[in-house]
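Chains, contacts and geometry: an overview
Listed below are the residues making up each chain.
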Amino acid sequence: TVVGEEPKADPIDAPEGCVGASITNATRVPGSLRLWAPDSTLMYDSGKYAEGVSGLKLHIRGNWSGRRVLKPYKIKLNSKADLLCRGNDAKYRDKNWILFKEQVMSLNTIIGHEMCRRLGYCWTPSWRYVNVLFNGEYRGVYLLMEQVRRNTSCRINVDKDGFIIERNAYWWNEPLSFATQSMSTYMRYTFKYPDDEDVKEVQIEYIRKVLNQLEEAIPAGCYGPLMDVMSFAGW
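Starting from 1, residues in each chain are numbered consecutively following that chain's sequence as written. In keeping with the model being predicted, local features are shown solely for residues with a pLDDT of at least 70 and side-chain atom pairs are shown and tallied solely at 80 or more, while totals for entire chains, interfaces and linings include all residues. Side-chain descriptors were evaluated using all non-hydrogen atoms of the structure, hydrogens and water having been removed beforehand.

1. With respect to unusual backbone geometry
At the junction of Tyr193 and Pro194, the peptide bond is cis and its omega measures out at -5 degrees in the coordinates. Numbered from the N terminus, helices here are DSSP runs of H or I no shorter than four residues, and strands are runs of E no shorter than two. Along the polypeptide, Pro194 turns up in the loop between strand E12 (188-193) and helix H2 (201-220). Here the phi dihedral of Ser40 falls at roughly 75 degrees; this positive angle occurs in a residue that is not glycine. Secondary-structure assignment places Ser40 in the loop between strand E4 (34-36) and strand E5 (42-45). Non-glycine residue Asn135 carries a positive phi angle of around 50 degrees. Checked against the element boundaries, Asn135 lands in the loop between strand E9 (127-134) and strand E10 (137-146).

2. Focus on the layout of surface pockets
Over the atoms, a rolled probe matching the size of one water molecule traces out where space is still vacant. Here a cavity denotes a set of grid points, spaced 1 Å apart and computed over the protein atoms alone, in which a 1.4 Å probe fits but from which it cannot get out, and a pocket denotes an open set meeting protein on both sides within 12 Å along at least five of seven lines; residues with an atom within 4 Å of a point are reported as lining. Grid points are joined across faces, edges and corners, and a volume is the space filled by probe spheres set on the points. Here the second largest pocket is characterised by a volume of approximately 970 Å³. Lining the second largest pocket we find 32 residues, and of these Leu33, Arg34, Leu35, Trp36 and Leu133 sit closest to its centre. Residue assignment for the lining of the second largest pocket shows that the elements contributing at least two residues are E4, E5, strand E6 (56-60), E9 and E10.

3. Quick word on helix H1 (residues 108-118)
The rule is simple: take the accessible area with a 1.4 Å probe, protein chains only, and divide by the maximum for that residue type; under 20% is buried, over 50% is exposed, in between is partly exposed. Listed in full, the buried residues belonging to H1 are Thr109, Ile110, His113 and Cys116. Here the buried residues of H1 occupy an arc of 120 degrees about the axis, which is enough to place them on one side. Opposite the packed face of H1, turned more than 90 degrees from it, sit the exposed residues Asn108, Met115 and Arg118. In what follows, residue pairs with any heavy atoms lying within 4.5 Å of each other are defined as contacts. Packing partners of the buried residues in H1 comprise strand E8 (94-100), E9 and E10. Gly120 lies just past H1 and shows a positive phi near 80 degrees. An arc is given here, and it is the one of the directions from the helix axis to the C-beta atoms.

4. Section: the side chain of His113
On the secondary structure map, His113 appears in helix H1. For His113, a relative accessible area of 13% corresponds to the buried category. Residues in contact with His113, not counting those within four places in the same chain, are Thr124, Pro125, Trp127 and Met145.

5. Topic: the sheet that holds E10
Pairing between two strands requires that DSSP report at least two bridges joining them. The sheet built from 6 strands is open, its strands ordered E3-E6-E7-E8-E10-E9 with antiparallel pairing. The open sheet has two edge strands with one neighbour each: strand E3 (29-31) and E9. Neighbouring strand axes in the sheet, compared pairwise and without regard to direction, differ in orientation by 35 degrees on average. Where strand E7 (residues 73-81) and E8 come together, 5 bridges link them in antiparallel fashion. Looking at E8, one finds that Lys74 is bridged to Ile98. The axes are straight lines fitted to the C-alpha atoms, using for helices just the contacting stretch, and the angles between their N-to-C directions are given from 0 to 180°.

6. Details of the packing of aromatic side chains
Only Phe, Tyr and Trp rings are paired, with Trp represented by its six-membered ring, and only when their centres lie within 6.5 Å; those with planes under 30 degrees apart are stacked, over 60 edge-to-face, the remainder tilted. A complete count under the given rule lists 6 aromatic pairs for this structure. Note on Trp127 and Tyr129: the rings are 5.3 Å apart at their centroids and 75 degrees apart in plane angle, and the pair reads as edge-to-face. Its relative accessible area of 24% is what places Trp127 among the partly exposed residues. Between Phe163 and Phe191 the ring centres are 6.1 Å apart and the planes differ by 65 degrees, which places this aromatic pair in the edge-to-face class.

See below:
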């Protein structure tokens, strides 16, 4: 990071009637990133931090995982790049990446992703193992991963005027959420795309109406026109 600054966040507990524990007030710290191959070949260099030009901003991500000693991070590059270094194909370039840290290193995440690929999902995050040096200190083995984002060339192919929503137990720590008629009281939907401030109330009501129709159609057996049946069954 620019001055050796460590990203910080405050712990926050779920309000009464909700579940989980999370973080809030995550600081975004400017810095730079370099990636080396096992043979010491320099594969990527973000350059020094310059707002909107080069380098990156980094912050702690996750909910409970963001409260651990070894934390996961969100990387926001100032210039699009493919941090997985898959050649010169521009379609993989994006500004948003994740350094994912499991509390106990296991195969759960990579097996889950491989299962998704074999089930024919439209998109599954790609990743690679990396050893992380943070301001010169070794932090261990992480997964460098694509973030769940709208990117029509290589991630989630959603129209610019479309939506990506998430069924989220941590909705209470998000600025915008909504529930459907059959959801548990501790669950709601939150938005991955577009940004919360760009979502209008009339759009929320439209999505809620469609999901309510879907929830009624599933037990009635008339859900076909309302979903992509194969991807839903795969999930």
